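# Close look at the chain arrangement
If you want the building blocks of each chain, they are given just below.
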Amino acid sequence: MKTTAIIGLSLLALIWLWLAWMLLTAGGVNLRNIMVMAMSAIIIFVPLYKKFTKKN
């Protein structure tokens, strides 16, 4: 994995964590907010994981 890809993924993860924290502090910890966080993480990180881990 290239250094730029690692930096980009780290930055994206930090932004996602900040937004998830904002969601939980504003809306409280309940099942709906946890499900929204989980679905957004799957939508964002699974395709990126598949892209960067496939063998060339």
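Higher on the page you've got the structure.
Reading the values: the criteria
- Residues numbered from 1 in each chain as written.
- Predicted model: local features only at pLDDT ≥ 70, side-chain atom pairs only at ≥ 80, totals over all residues.
- Heavy atoms only, no water.
- Helix = DSSP H or I, 4+ residues; strand = E, 2+ residues; numbered from the N terminus.
- Rg over C-alpha atoms; globule rule 2.2 N^0.38 Å.
- Areas by Shrake-Rupley, 256 points an atom, 1.4 Å probe, with all protein chains shown as cover.
- Expected span 1.5 Å × (residues − 1).
- Buried < 20%, exposed > 50% of the residue type's maximum accessible area, 1.4 Å probe, protein only.
- Contact = heavy atoms within 4.5 Å.
- Axes fitted to C-alpha atoms, helices over the stretch in contact; angles between N-to-C directions.
- Parallel < 35°, antiparallel > 145°, perpendicular 65-115°, else oblique.
- Polar contact = N/O pair within 3.5 Å; in protein donor to acceptor, adjacent residues only side chain to side chain.

For the rest of this paragraph, the subject is the overall build of the chain. In terms of helices and strands, the chain carries two helices and zero strands. Against the 2.2 N^0.38 benchmark of 10 Å for 56 residues, the chain shows a C-alpha radius of gyration of 13 Å, more extended than a compact globule. Taken over the C-alpha atoms alone, the chain extends approximately 40 × 15 × 10 Å along its principal axes. Per element, the accessible surface of the chain, about 4,700 Å² overall, is 75% carbon and sulfur.

To continue, consider helix H1 (residues 3-27). Its 25 residues give H1 an end-to-end C-alpha distance of 36 Å, which sits within 8% of 36 Å, the value for a rise of 1.5 Å per residue. Within H1, the full set of buried residues consists of Ala5, Trp16 and Ala20. Turning to H1, the residues buried within the fold contact helix H2 (31-53). One or two steps after H1, the chain reaches Gly28, where phi turns positive at roughly 85°.

Direction vectors running N to C along H1 and H2 enclose 175°, while the axes themselves pass 10 Å from each other. By the angle between their axes, H1 is roughly antiparallel relative to H2. Here Ala5, Leu9, Leu12, Ala13, Trp16, Ala20, Leu23, Leu24 and Gly27 of H1 come into contact with H2, specifically with Asn33, Val36, Met37, Ser40, Ala41, Ile44, Phe45, Leu48 and Phe52.

Attention now goes to the environment of Asn30. Mapped onto the fold, Asn30 is located in the loop between H1 and H2. Each C-alpha atom, one on Asn30 and one on Ala20, is 13 Å from the other, the two residues being ten residues apart in sequence. Within the structure, Asn30 has its side chain in polar contact with the backbone nitrogen of Asn33 (distance 2.9 Å).

Here the focus is the environment of Thr53. Tracing the backbone through its elements, the reader meets Thr53 in helix H2. For Thr53, a relative accessible area of 40% gives the class partly exposed. Distance from Thr53 to Met1, taken between C-alpha atoms, is 8.1 Å for residues 52 residues apart in sequence. Engagement of the side chain of Thr53 in a polar contact is seen with the backbone oxygen of Tyr49, the distance being 2.6 Å.

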